[in-house]
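The chain contents come next:
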Amino acid sequence: MNGISTTTRPALGTPAPLQPWALLGLTLGVTAIGVEGLVISPVLGDLAHSFDASPAQAGWAVSAYGLALAGAAPIVGLWGDRVPRLALLRGALGLFVLAGLLCALANSLVTLVAARALCGAAAGAFLPACYAYVGDCTAFADRARAMGRVMAGWSLALTLGIPIGGLIAELWGWRLAFVAVAL
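Novice: How do you make sense of the side chain of R85 when you look at a structure like this?
Specialist: Take R85: it is sitting in helix α5 (residues 85-105). At a separation of 2.4 Å, a polar atom in the side chain of R85 contacts the side chain of D136. Contact partners of R85, with chain neighbours within four places excluded, come to A129, A132, Y133 and D136.

Novice: Help me out: how do you make sense of the packing of aromatic side chains in this one?
Specialist: Aromatic ring pairs are described here by two measures, namely the spacing of the ring centres and the angle between the planes. Scanning the model with the defined rule gives two aromatic pairs in all. Their ring planes at 65 degrees and their centres at 5.6 Å tell us that F51 and W174 sit as a pair that is edge-to-face. Of this pair, F51 sits in the loop between α2 (44-50) and α3 (55-58) while W174 sits in helix α8 (residues 174-182), and the two are 123 residues apart along the sequence. Neither residue differs from the other here; F51 and W174 are each classed as buried. On the basis of an interplanar angle of 90 degrees and a centroid distance of 5.9 Å, the ring pair of W174 and F178 is categorised as edge-to-face. Of this pair, W174 and F178 both sit in helix α8, separated by four residues, roughly a single helical turn. Judged by relative accessible area, which is 6%, W174 ranks as buried. On the basis of relative accessible area, F178 is assigned to the buried category, the value being 0%.

Novice: Help me out: how do you make sense of the packing of helix α7 (residues 143-172) against α8 in this one?
Specialist: Helices that pack against each other are described as a pair by the angle of their axes relative to one another and the distance between those axes. Direction vectors running N to C along α7 and α8 enclose 135 degrees, while the axes themselves pass 7 Å from each other. In terms of their interaxial angle, α7 and α8 are classed as oblique. Crossing handedness for the pair α7 and α8: right-handed. Of α8, the residues touching α7 (which contributes G165, I168, A169 and W172) are W174, L176, A177 and A180.

Novice: How should the nonpolar core be read in this particular structure?
Specialist: In summary, soluble globular proteins display a tendency toward joint burial of nonpolar side chains. Counting residues in each nonpolar core, the largest one holds 49 residues, and the members touching the most others are L18, L26, I33, F96, L112, F126 and F178. Mapped onto this core, the elements with two or more residues apiece are α1 (20-38), α4 (60-79), α5, α6 (109-137), α7 and α8. Counting residues per element, this core draws most heavily on α6, which supplies 14 residues. In this view, F126 contacts L26, G29, V30, I33, L89, A92 and L93; residues no more than four positions away in its chain are not counted.

Novice: Any chance you could explain the pattern of salt bridges here in plain terms?
Specialist: Oppositely charged side chains can pair when the atoms bearing their charge come close. For the structure on display, the rule yields four salt bridges. Here R116 and E36 are joined by a salt bridge, their closest N and O atoms 2.8 Å apart. Here R116 is found in helix α6, whereas its partner E36 is found in helix α1, with 80 residues between them in sequence. Here R116 matches E36 in class, with each residue buried. Close ionic contact of R85 with D136 constitutes a salt bridge, the shortest N to O distance being 2.4 Å. Note that R85 is positioned in helix α5 and D136 in helix α6, a separation of 51 residues in sequence.

Novice: Quick question: what am I supposed to make of the side chain of E36 here?
Specialist: By relative accessible area, E36 is classed as buried at 1%. Filtering out sequence-adjacent residues up to four positions away, E36 remains in contact with Y65, F96, C103, R116, C119, F178 and V181.

How each quantity is defined
Residues numbered from 1 in each chain as written. Predicted model: local features only at pLDDT ≥ 70, side-chain atom pairs only at ≥ 80, totals over all residues. Heavy atoms only, no water. Helix = DSSP H or I, 4+ residues; strand = E, 2+ residues; numbered from the N terminus. Polar contact = N/O pair within 3.5 Å; in protein donor to acceptor, adjacent residues only side chain to side chain. Contact = heavy atoms within 4.5 Å. Phe/Tyr/Trp six-rings, centres within 6.5 Å; stacked < 30°, edge-to-face > 60°. Buried < 20%, exposed > 50% of the residue type's maximum accessible area, 1.4 Å probe, protein only. Axes fitted to C-alpha atoms, helices over the stretch in contact; angles between N-to-C directions. Parallel < 35°, antiparallel > 145°, perpendicular 65-115°, else oblique. Left-handed = near helix turned anticlockwise from the far one by under 90°. Core = buried A, V, L, I, M, F, W, Y, C linked by side-chain atoms within 4.5 Å. Salt bridge = Lys/Arg side-chain N within 4 Å of Asp/Glu carboxyl O.

Keep in mind that these numbers describe shape and distance, not what the molecule does.
Here's what the structure looks like:
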């Protein structure tokens, strides 16, 4: 037909087909990235108070994440094929966790903004690699279903991220909300 086989395995040198646990892991990765972007919303006032800053100044912690993600994603999308996808996914997720913990340990607003930018850059590396990995490891006929499952992570983040992050922050403080997302 169009030269695309829907029943063959990925070409030699590409990862093995995705197992259900791998799809779940990728979905949770996307969820964590979404939650990290949103968890700051209910704690912005607490952040401003902790660092003796205005809400507008604390808002830079939101912008830093988004700007870094938006800057890193196209770069990794262009150059990410030079690194094995699993290595890129693992490295990006490791950096994401480390940066999330740095957010929790921030002792100034400048440090928090820098850690959030690092989180955003890691997210910007993870997302294109994640989507490409799903495409690499999924037969053409099953690709939309697999991608839909991974993309469900955004819905989980939107519906659960803010309320759970807000609850954790209310009970144990904003720092633990960042730790929870990192874990």
